[in-house]
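Results of the structural survey
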Amino acid sequence: MDEKAFPRLTKKTAQALAVQVVGTAKGLTKVKHLAIDTYEMQMGELIVTIQHDWYGKSGCIMVSVSSACHSGGLNLLFDPETLKEDFKAEGKRERQNRRESLQEWVWDNGVEKCKAEIDKADKPEYLQGVK
């Protein structure tokens, strides 16, 4: 899905999702320097970003809630027509993220070392250390 395939994300839609997710749309503004429609607001240490899921290419609208101080956060996907949370798309995205993390782990450590770690994880003494 290229940039032109994304339908326009209006401020009205972004406001409705902001109210639905965090209870307010106060301070929601359009981010001017991005090519796709993106809206953002800050609530104390939290940053709420609303845009199309261009990275995951799910066709959904993504609402991200993150901390200004820490990486990571919460990403929710919503159907652009109904504005209902799309759990199926979120599950697919989670599987994609886990697959990418596993690939990165193997690339960083090498196949043999990763295989040795997996073989160790099958042993009862390894599981006792995990508790």
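The structure reproduced in this document is the subject of the present report. (Residues numbered from 1 in each chain as written. Predicted model: local features only at pLDDT ≥ 70, side-chain atom pairs only at ≥ 80, totals over all residues. Heavy atoms only, no water.)

1. Comments concerning the nonpolar core
Membership of the largest hydrophobic core comes to 16 residues, with the highest contact counts inside it found for Leu 17, Leu 28, Val 48, Ile 50, Ile 61 and Val 63. Going through the elements one at a time, helix H1 (11-22), strand E2 (38-43), strand E3 (46-52), strand E4 (61-67) and strand E5 (74-78) are the ones with two or more residues in this core. (Core = buried A, V, L, I, M, F, W, Y, C linked by side-chain atoms within 4.5 Å. Buried < 20%, exposed > 50% of the residue type's maximum accessible area, 1.4 Å probe, protein only. Helix = DSSP H or I, 4+ residues; strand = E, 2+ residues; numbered from the N terminus.)

2. Comments concerning unusual backbone geometry
For Lys 57, which is not glycine, the phi torsion reads 55° and is therefore positive. Looking at the element boundaries, Lys 57 is found in the loop between E3 and E4. Backbone geometry at Leu 83 places phi at a positive 60°, although glycine is not the residue there. With respect to the secondary-structure elements, Leu 83 resides in the loop between E5 and helix H2 (87-109). Here Leu 83 falls in the buried class, since its relative accessible area comes to 17%.

3. Here's the deal with the environment of Lys 84
For Lys 84, the location among the structural elements is in the loop between E5 and H2. On the basis of relative accessible area, Lys 84 is assigned to the exposed category, the value being 58%. Considering only alpha carbons, one finds Lys 84 and Glu 94, ten residues apart in sequence, at a separation of 18 Å.

4. Points about H2
Each turn of an α-helix holds 3.6 residues, which means side chains three or four residues apart point in the same direction. With 23 residues, H2 ought to run about 33 Å at 1.5 Å a step, and its terminal C-alpha atoms sit 33 Å apart, in line with that. Next to the buried residues of H2 lie E4 and E5. One side-chain oxygen of the residue at the start of H2 lies 3.3 Å from the amide nitrogen of Lys 88, identifying that residue as Asp 86. Downstream of H2 by a residue or two, Gly 110 has a phi angle that is positive, lying close to 90°. (Expected span 1.5 Å × (residues − 1). Contact = heavy atoms within 4.5 Å. Polar contact = N/O pair within 3.5 Å; in protein donor to acceptor, adjacent residues only side chain to side chain.)

5. Looking at H1
Along its twelve residues, H1 runs 16 Å from first to last C-alpha, staying within 8% of the 16 Å computed at 1.5 Å per residue. The set of residues buried in H1 consists of Ala 14, Leu 17 and Ala 18. The arc that holds every buried residue of H1, seen down its axis, measures 105°, which confines them to one face. Buried residues along H1 sit in contact with E2, E3, E4 and E5. Following H1 by one or two positions, Gly 23 has its phi on the positive side, about 90°. (Arc of directions from axis to C-beta.)

6. So, the side chain of Gln 51
Considering the arrangement of structural elements, one finds Gln 51 in strand E3. A polar contact is formed between the side chain of Gln 51 and the side chain of Thr 38, at a distance of 3.0 Å. Other than its neighbours up to four places away in sequence, Gln 51 contacts Leu 9, Ile 36, Asp 37, Thr 38, Ile 61 and Met 62.

7. A closer look at the environment of Thr 13
On the secondary structure map, Thr 13 appears in helix H1. Remark: the alpha-carbon pair of Thr 13 and Pro 80, spanning 67 residues in sequence, is separated by 8.6 Å. Ignoring anything within four residues of it in the chain, the contact list for Thr 13 reads Ile 61 and Leu 83. A polar atom in the side chain of Thr 13 sits 3.0 Å from the side chain of Thr 10.

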